[in-house]
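# Geometric and topological summary
So you can see what is in the structure, the chains are spelled out below.
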2 protein chains.
Amino acid sequence: MVIIQNVGQYLLDNGIKPSIQRIKIFDFLMKNHEHPTVDKIFLSLSDEIPTLSKTTVYNTLKLFQSQGIVNIVNIEDHETRYDCDTSFHGHFKCLECKNLYDFELENTELNINKFEGFKITESHYYLKGLCKSCLSNKI
Amino acid sequence: MVIIQNVGQYLLDNGIKPSIQRIKIFDFLMKNHEHPTVDKIFLSLSDEIPTLSKTTVYNTLKLFQSQGIVNIVNIEDHETRYDCDTSFHGHFKCLECKNLYDFELENTELNINKFEGFKITESHYYLKGLCKSCLSNKI
DNA sequence: TATATTTTTGCAATCATTACAGATTTATAA
DNA sequence: TTATAAATCTGTAATGATTGCAAAAATATA
Ligand SMILES: [Mn+2]
Ligand SMILES: [Mn+2]
Ligand SMILES: [Zn+2]
Ligand SMILES: [Zn+2]
């Protein structure tokens, strides 16, 4: 994962004009690696930016996606989560504590040779189950 | 993938009473491997069962899921698709023609050793890009 | 400073899904 | 068979996430 020192510059480098809202939203994603939902982001930033509109959160995340600095994590069909870590990695969700874990994944590990002549632009790998601590609590 | 001769019996074997609606919905999934949406299933069966309710389609698919004979394919966040092939396999979606392709995947191929002490109950592997024929059409 | 452009906001509209209650069908027992 | 109970199905209303849109606010340009 890339470490970003200056969010404003990072946005500029990716063709995004760094408004207050955009900076705070990206900053929130960086500091909250639990892959928050729109609602989580909106509610969390409402203190800091009392005038913030949920539409702005939606618009901003869409902009971030289109510029490739944010990805959707779609591990559950009823909740859309966002991830500013665009490096190749997988996601595990514990069905008990609902926590979402990142995990590393060798790109080559999944290089499917069944797709001769196909062009693969996106890949998502999702696992679900019970995490270590939830499992030990069950004993 | 398991080949099912008798849908009614298959439902019974999986603890589901085989009503007309349930049989036709499962049958539709078997015969239409493009992983249809609720809308597609509902519209397609409306001729055969003019009284069919969309609620029934939702309820039935939920029942099938709970009995483990149908899985959700959540490759796009705005469309929920259903799959009666519960064997382990991955999905590829062509962003041009929108077709959804199954692909085989060795279970062991993806057995992540990073999850010592975790219990994995579900895994989904989604790829997106351009399929062979769409790529060749672009030339 | 005046004007144009971009961004944000708030609310209405849309769309998929769920809740619910009544109708219909199927199972059970007299 | 007939009456009663249980299960299933249906139609509509409610919910909730997302999008559309037009006005307001902020920022850039002349
Ligand atoms: Mn992640
Ligand atoms: Mn499939
Ligand atoms: Zn857990
Ligand atoms: Zn294609």
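Residues numbered from 1 in each chain as written. Chains lettered and ligands numbered in written order. Predicted model: local features only at pLDDT ≥ 70, side-chain atom pairs only at ≥ 80, totals over all residues. Heavy atoms only, no water.

## Observations concerning the packing of aromatic side chains
Throughout the structure, instances matching the rule amount to 14 aromatic pairs over all chains. For the ring pair Phe26(B) and Phe64(B), a centre distance of 5.6 Å and an interplane angle of 85° mean the geometry is edge-to-face. Note that Phe26(B) is positioned in helix H2 (residues 20-31) and Phe64(B) in helix H4 (residues 54-66), a separation of 38 residues in sequence. As far as burial versus exposure is concerned, Phe26(B) and Phe64(B) are alike and both buried. Connected via pairs of aromatic rings, a cluster forms that spans Phe103(A), Tyr125(A), Phe103(B) and Tyr125(B). (Phe/Tyr/Trp six-rings, centres within 6.5 Å; stacked < 30°, edge-to-face > 60°. Helix = DSSP H or I, 4+ residues; strand = E, 2+ residues; numbered from the N terminus. Buried < 20%, exposed > 50% of the residue type's maximum accessible area, 1.4 Å probe, protein only.)

## Examining the pairing of strand S3 (residues 89-94) of chain A
All names here are of chain A. In terms of burial, S3 is a largely internal element, six of the six residues being buried. A two-sided burial pattern is seen for S3, the buried positions comprising His-89, His-91 and Lys-93 on one face and Gly-90, Phe-92 and Cys-94 on the other. Of the pairings in the sheet, the one linking S3 to strand S4 (residues 100-104) comprises five bridges and is antiparallel in character. Bridge pairing in S4 places Gly-90 opposite Phe-103. In this antiparallel pair of consecutive strands, S3 and S4, the connection spans five residues, and Lys-98 shows a positive phi of 65°. Taken together, the four bridges between S3 and strand S5 (residues 119-130) define a ladder with parallel strand orientation. Bridge assignment links Cys-94 to a residue of S5, and that residue is Gly-129. (Pairing = 2+ DSSP bridges.)

## A word on the domain arrangement of chain A
Residues and elements named next belong to chain A. By domain assignment, chain A separates into domain 1 (7-83) and domain 2 (89-138). Between domain 1 and domain 2, the C-alpha centre-to-centre distance is 23 Å. Facing ten residues of domain 1, the contacting portion of domain 2 comprises twelve residues. Summing both sides of the interface, domain 1 and domain 2 together bury roughly 850 Å²; the carbon and sulfur share of this comes to 53%. By the criterion of area lost to domain 2, the three top residues of domain 1 are His-35, Ile-75 and Glu-76, representing 55% of everything that side buries. (Domains from an automatic or database assignment. Contact = heavy atoms within 4.5 Å. Buried area = accessible area lost by both parts, 1.4 Å probe.)

## Observations regarding the sheet that holds strand S5 (residues 119-130) of chain B
Across the sheet, which stays open at both edges, the six strands sit in the order S4(A)-S3(A)-S5(A)-S5(B)-S3(B)-S4(B) with mixed pairing between neighbours. Among the strands making up the open sheet, the edge pair consists of S4 of chain A together with strand S4 (100-104) of chain B. Averaged over all pairs of adjacent strands, the angle between their axes in this sheet comes to 25°, without regard to strand direction. (Axes fitted to C-alpha atoms, helices over the stretch in contact; angles between N-to-C directions.)

## Looking at the relation of the copies chain B and chain A
Of the transformation superimposing chain B on chain A, the axial component is 0.0 Å and the angular component is 180°, with the fit at an RMSD of 0.0 Å. With respect to symmetry, the two chain copies, as superposed, fit the operation of a two-fold axis. For chain B, the smallest separation between a C-alpha atom and the rotation axis is recorded for Tyr125(B), amounting to 2.3 Å. The residues that chain B uses at the interface reappear at the interface of chain A in 100% of cases, marking a shared surface. (Least-squares fit on C-alpha atoms with pLDDT ≥ 70 in both.)

## Focus: helix H3 (residues 38-45) of chain A
All names here are of chain A. Residues of H3 that are buried: Val-38, Ile-41, Phe-42 and Leu-45. Down the axis of H3, the smallest arc covering the buried residues is 95°, so these residues share one side. Looking at the buried side of H3, the elements it contacts are helix H2 (20-31), helix H4 (54-66) and strand S2 (79-83). (Arc of directions from axis to C-beta.)

## Observations concerning the protein's contact with DNA strand D
Close contacts around DNA strand D come from 14 residues, with Tyr58(A), Lys62(A), Thr80(A), Ser19(B) and Thr56(B) the closest. Among the atoms of DNA strand D lying within 4 Å of the protein, the sugar-phosphate backbone contributes 74%. Within the side chain of Thr55(A), an N or O atom sits 3.4 Å from a base oxygen of DNA strand D. Contributions of two or more residues to the surface near DNA strand D are made by H4 of chain A together with H2 and H4 of chain B. For the surface near DNA strand D, the class distribution of residues is two nonpolar, nine polar and three charged. (Near = heavy atom within 4 Å. Polar contact = N/O pair within 3.5 Å; in protein donor to acceptor, adjacent residues only side chain to side chain. Nonpolar A, V, L, I, M, F, W, Y, C, P; charged D, E, K, R; others polar.)

## Comments concerning the protein's contact with DNA strand C
Around DNA strand C there are 14 residues in total, and Ser19(A), Gln21(A), Thr56(A), Tyr58(B) and Lys62(B) lie nearest to it. Sugar and phosphate atoms represent 73% of those atoms of DNA strand C found within 4 Å of the protein. For DNA strand C, a phosphate oxygen lies 2.2 Å from a polar atom in the side chain of Ser19(A). For the surface near DNA strand C, the secondary-structure elements that each account for two or more residues are H2 and H4 of chain A together with H4 of chain B.

## Notes on unusual backbone geometry
Positive phi outside glycine occurs at His35(A), with the angle close to 60°. In this fold, His35(A) is placed in the loop between H2 and H3. Here Lys98(B), not a glycine, exhibits a phi torsion of approximately 65°, which is positive. For Lys98(B), the position within the fold is in the loop between strand S3 (89-94) and S4.

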